[in-house]
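In case you want the letters, here they are:
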Amino acid sequence: MSQAHYDTLKQRHRQVRDHYPENLNLRLHRALSWWQRALQADDDDGRFIFLWIAFNAAYAQDIEDSQRLSEQASFQAFLQKLHGLDHARQLHNLVWQEYAGNIRVMLDTPYLFQSFWDHQSGKISQQDWLQRFEQGKRRALHALASGDTPALLGVVFNRLYTLRNQLVHGGATWNSQVNRKQLRDCVRLLGKLIPVLITLMLEHPDTLWGDAVYPVVAA
């Protein structure tokens, strides 16, 4: 993660925000603010949480409860939209050139797979979680083999979401010595993805990004 990169995108937003829709400006302003906070964090747990909030600020939408998608389906739809706008192939290059090796390791890590923890808590059998794990790996390997960036990112973010739940819901100890490498890998990947998605949103102000959640209310 780079403070200089943040400064560049923040300045870019200042230059265009007067001409952008209010909802997009709010998303960008919030995402940039949490990215900046992640840059200031001196521990990987904090960095990951702040980066996830930045991602959430960018994609979350205020929709009726009756129409509400699951969170995972919602951010996967967001990633699909970003990929469709990514004419410079920034996401593609990040996934396939910079982080392909890290992603393969991530996909082989059971601690980032929710069904592993469901088995540990007695919700499903060992056979069930292993079967789901292998199915997930096959889907990911198919995406890798076919160069399907949105599908691969969807699988990766499912893994990141498991880590997010562990940290946010108190399922891990701060600065624990357990599973540090996987956390660092996730922080590096998310730290690279956040500026890419902010850049794509800045480049496409006419795209329908939807109403931001919890709009600002004048006092």
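Along every chain, residues carry numbers that run from 1 in the direction the sequence is written. Note on the predicted model: pLDDT of at least 70 is required for a residue's local features to be given, and 80 or more for side-chain atom pairs to be given and counted; whole-chain, interface and lining totals, by contrast, use all residues. Hydrogens are left out, water is left out, and the side-chain values use all remaining heavy atoms of the structure.

Chemist: What should I look at first to understand the pattern of salt bridges in this one?
Modeler: Two side chains that carry opposite charge are able to pair once their charged atoms sit near each other. Salt bridges are defined as contacts in which a side-chain nitrogen from Lys or Arg sits within 4 Å of a carboxyl oxygen from Asp or Glu. A full pass over the atoms with the stated rule returns six salt bridges. A salt bridge links D108 to K137; its shortest N-O distance comes to 3.0 Å. In this pair, D108 sits in the loop between α6 (100-107) and α7 (114-120) while K137 sits in helix α8 (residues 126-146), placing the two residues 29 residues apart along the sequence. Note on classification: 1.4 Å probe, protein chains only; a residue is buried when its accessible area is under 20% of the maximum for its type, exposed when over 50%, partly exposed between these limits. For D108, a relative accessible area of 45% gives the class partly exposed. Its salt-bridge partner being D185, residue K181 comes within 2.8 Å of it at the nearest N-O pair. Remark: D185 and K181 occur in helix α10 (residues 180-203); sequence separation between them is four residues, near one turn of the helix. Judged by its relative accessible area of 48%, K181 is partly exposed. One network of salt bridges, in which partners are shared, links D108, E134 and K137. A run of DSSP states H or I qualifies as a helix once it reaches four residues; a run of E qualifies as a strand once it reaches two. Both are numbered from the N-terminal end.

Chemist: Mind showing me how you'd approach the packing of helix α3 (residues 44-59) against helix α4 (residues 71-85) here?
Modeler: In helix packing, the relevant descriptors are the interaxial angle and the interaxial distance, both defined with respect to the helix axes. For the pair α3 and α4, interaxial distance at closest approach is 10 Å and the crossing angle is 75°. On the basis of their axis angle, the class for α3 and α4 is roughly perpendicular. Here W52, F55, N56, A58 and Y59 of α3 come into contact with α4, specifically with E71, S74, F75, F78 and L79. Side-chain classes follow a simple rule in which Ala, Val, Leu, Ile, Met, Phe, Trp, Tyr, Cys and Pro form the nonpolar group, Asp, Glu, Lys and Arg form the charged group, and the remainder, Gly included, forms the polar group. Class assignment for the residues of the contact of α3 with α4 results in seven nonpolar, two polar and one charged. Lines are fitted to the C-alpha atoms to define the axes, a helix being fitted only along its stretch in contact, and any angle between axes, read from their N-to-C directions, falls within 0 to 180 degrees. Note on angle classes: values under 35 degrees are labelled roughly parallel, values over 145 roughly antiparallel, values of 65 to 115 roughly perpendicular, and the remainder oblique. The contact rule is simple, with two residues in contact once any of their heavy atoms fall within 4.5 Å.

Chemist: Any chance you could explain unusual backbone geometry here in plain terms?
Modeler: Glycine aside, residues mostly have negative phi angles, and peptide bonds mostly take the trans form. For R89, which is not glycine, the phi torsion reads 60° and is therefore positive. Along the polypeptide, R89 turns up in the loop between α4 and α5 (90-98). The backbone of Y214 sits at a positive phi, close to 50°, despite the residue not being glycine. Mapping Y214 onto the fold places it in the segment after α10. Assessed through its relative accessible area of 71%, Y214 is described here as exposed.

Chemist: Which parts of the structure should I look at to understand the packing of aromatic side chains?
Modeler: Ring geometry is summarised as follows: Phe, Tyr and Trp rings, the Trp one being its six-membered ring, pair when their centres sit within 6.5 Å, and such pairs are stacked at plane angles under 30 degrees, edge-to-face over 60 and tilted between the two. Counting across every chain of the model gives 22 aromatic pairs. With a centroid separation of 6.3 Å and an interplanar angle of 25°, the aromatic rings of F48 and W52 are classed as stacked. In this pair, F48 and W52 both sit in helix α3, four residues apart, roughly one turn of the helix. By relative accessible area, F48 is classed as buried at 1%. Judged by its relative accessible area of 4%, W52 falls in the buried class. Put simply, the rings of F48, W52, F55, Y59, F75, F78, F157, Y161 and W209 pair up and form one aromatic cluster.

Chemist: Would you take a moment to explain helix α1 (residues 3-16) for this structure?
Modeler: Expected helix span is given by 1.5 Å per residue-to-residue step, counting one fewer step than there are residues. With 14 residues, α1 should cover 20 Å at 1.5 Å per step; its first-to-last C-alpha distance of 20 Å lies within 8% of that length. Looking only at α1, the buried set comprises Y6, L9, K10 and H13. What you see down the axis of α1 is that its buried residues fit within an arc of 105°, all on one side. Facing away from the buried surface of α1 by more than 90 degrees, the exposed residues are A4, T8 and Q15. Buried positions along α1 lie against α2 (22-40) and α10. N or O atoms closer than or at 3.5 Å make up a polar contact, with two conditions inside protein: a donor-capable atom paired with an acceptor-capable one, and, for residues adjacent in sequence, both atoms drawn from side chains. You can read the cap of α1 off the contacts: a side-chain oxygen lies 3.2 Å from the backbone nitrogen of A4, and it is on S2. To obtain the arc, one takes the directions from the helix axis to the C-beta atoms.

Chemist: What's the story with the nonpolar core in this structure? I'm lost.
Modeler: Most often, soluble globular proteins have nonpolar side chains that are buried together. In this structure, F48, F55, F157 and I198 are the most contacted members of the largest nonpolar core, which totals 58 residues. The greatest single-element share of this core, amounting to 13 residues, is contributed by α10. F113, F116, I124 and F133 belong to the second largest nonpolar core, which has five residues in total. Remark: nonpolar core denotes a set of buried residues (Ala, Val, Leu, Ile, Met, Phe, Trp, Tyr, Cys) joined through side-chain atoms within 4.5 Å.

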